[in-house]
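Structure at a glance
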Amino acid sequence: MGYWATLSLNIPDFTRYARSQRSQALGQALGLPTTMTAFAFIGVAVTSATIVIFGEAVWDPVVLVSRIGGAGTIVFAALVVLAAQLTTNMAANVVSPSNDFSNLSPRRISYVTGGLITAVLGVVMMPWKLYSDASAYIFTWLLGYSSLMGALGGILIADYWVVRRQRLSLPDLFREQGIYSYSRGVNRRAMAALFLSVLPVVPGFVHAATTPGGVVSDTNFFDRLYAYAWFVTFALSFVLYLALMRGPRRERRASGRHPEGARATEGSHPPE
């Protein structure tokens, strides 16, 4: 869940170019579950085979290639890994932050510049440190940021599917004082729901981050809660956001207008 949490949020960066709702739904239904299942099976099968062949589990494909072939095999495998990074990982992981950085200042930051900023930050984060320990990568990095992704996903789904009832006002997306402007451009209730939903998993994250390898042997309630971080934060943010936005919706019904900080709480009908 943590591995796919990011892509589940930035998938609109790709589906926005689909010709219809049906085409993007079919593309995701046929493409994502099938390929993820196949890749997971290959990873499990190959890693299990290394235990039989080498007497230990070799999960890193780069390390595995260096142990099964000569110079020619290593060069070929390196080219394959490079092609995979450029065609798959770059497309999946760079498109969304490139758009985000560009949207901060469209006149100064182009989409290409946003991609370059993303690349620089990716190097500064030293991803090789994350991959140096498989357990730490899973229990601190993947679980840690999945808690944030789950909270964001819960808010987005609650807002669009429940609060707005799948209604969208396209013109207001481009208006500085439209129904999506909120209070100075920030939905404070959404930010409160985000903070409160992540709070319960913080103790477990700190415990895992300060434990060598990220694997906590003597677990407590917060550690077990953190193990399901995405599900916990998703459910909490979903419920909290609906509860926090309930007041503004009632206020608007009574007054017949948008109250301060609740401009986008109701289903946003296109202008008549």
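Once a new chain begins, its residue numbering starts again from 1 and follows that chain's sequence as written. Reporting of local features is limited, given that this is a predicted model, to residues whose pLDDT is at least 70; pairs of side-chain atoms are given and counted only at 80 or more, and all residues count toward the totals for whole chains, interfaces and linings. As a rule here, side-chain values come from all non-hydrogen atoms in the structure, and water together with hydrogens is ignored.

Re unusual backbone geometry
Its identity is not glycine, yet Gln166 carries a phi of approximately 65 degrees, on the positive side. If you check the backbone angles, Tyr182 has positive phi at about 55 degrees while not being a glycine. The numbering of helices and of strands both runs from the N terminus, where a helix is a DSSP run of H or I of at least 4 residues and a strand a run of E of at least 2. Take Tyr182: it is sitting in the loop between helix 8 (134–163) and helix 9 (188–198).

Notes on helix 9
For the α-helix, the turn length of 3.6 residues means that residues three or four positions removed from each other point alike. Exposure categories follow from relative accessible area, calculated using a 1.4 Å probe and restricted to protein chains: below 20% of the type maximum is buried, above 50% is exposed, and the middle band is partly exposed. Along helix 9, the positions that sit buried rather than exposed are Ala190, Ala193, Leu194, Ser197 and Val198. Along the axis of helix 9, the buried residues cluster in a sector spanning 115 degrees; they form a single face. Turned more than 90 degrees away from the buried face of helix 9, the exposed residues are Arg188 and Phe195. With a side-chain oxygen lying 3.2 Å from the backbone nitrogen of Arg189, the N-terminal cap of helix 9 falls on Asn187. For this quantity, the arc is that covered by the directions from the helix axis to the C-beta atoms. Polar contact is defined as a pair of N or O atoms within 3.5 Å, subject to the rule that within protein one atom must be able to donate a hydrogen and the other to accept it, and that residues adjacent in sequence are counted only when both atoms are side-chain atoms.

A closer look at the pattern of salt bridges
Each reported salt bridge corresponds to a side-chain nitrogen of Lys or Arg within 4 Å of a carboxyl oxygen of Asp or Glu. The full count for this structure, using the stated rule, is 3 salt bridges. Ionic pairing is found between Arg67 and Glu56, a salt bridge with its closest N-O pair at 2.8 Å. Taken together, the residues span a long stretch of sequence, with Arg67 in helix 4 (residues 61–68) and Glu56 in the loop between helix 3 (21–54) and helix 4 at a distance of 11 residues. For Glu56, a relative accessible area of 40% puts it in the partly exposed group. For the salt bridge of Arg175 with Asp172, the shortest nitrogen-to-oxygen distance reads 3.3 Å.

Overview of the packing of helix 8 against helix 10 (residues 202–209)
Where helix 8 meets helix 10, the axes come as close as 9 Å, and the angle between the chain directions of the two elements is 155 degrees. Considering their axes alone, helix 8 and helix 10 lie roughly antiparallel with respect to each other. Judged by the sense of rotation from one axis to the other, the crossing of helix 8 with helix 10 is left-handed. Only Phe205, Ala208 and Ala209 of helix 10 make contact with helix 8, whose side of the interface consists of Phe139, Thr140 and Gly144. Under the scheme applied, nonpolar residues are Ala, Val, Leu, Ile, Met, Phe, Trp, Tyr, Cys and Pro; charged residues are Asp, Glu, Lys and Arg; polar residues are all the others, including Gly. Of the residues assigned to the contact of helix 8 with helix 10, the class counts are 4 nonpolar, 2 polar and no charged. As a rule, the C-alpha atoms of each element are fitted with a line to give its axis, helices using only the stretch in contact, and angles between N-to-C directions run from 0 to 180 degrees. Angle categories are assigned with fixed cut-offs, so that under 35 degrees is roughly parallel, over 145 is roughly antiparallel, 65 to 115 is roughly perpendicular, and the rest are oblique. Crossing handedness: left-handed means the near helix sits turned counterclockwise from the far one by under a right angle, and right-handed means the same turn made clockwise. We call two residues contacting when some pair of their heavy atoms lies within 4.5 Å.

Description of the packing of helix 8 against helix 9
Orientation of helix 8 relative to helix 9, taken along the N-to-C sense of each, is 140 degrees, at an axis distance of 9 Å. In terms of their interaxial angle, helix 8 and helix 9 are classed as oblique. Judged by the twist between their axes, the crossing of helix 8 over helix 9 is right-handed. Between helix 8 and helix 9, the residues in contact are Ser147, Leu148, Ala151, Leu152 and Ile155 and Ala190, Ala193, Leu194, Ser197 and Val198, respectively. Looking at side-chain class alone, the contact of helix 8 with helix 9 contains 8 nonpolar, 2 polar and no charged residues.

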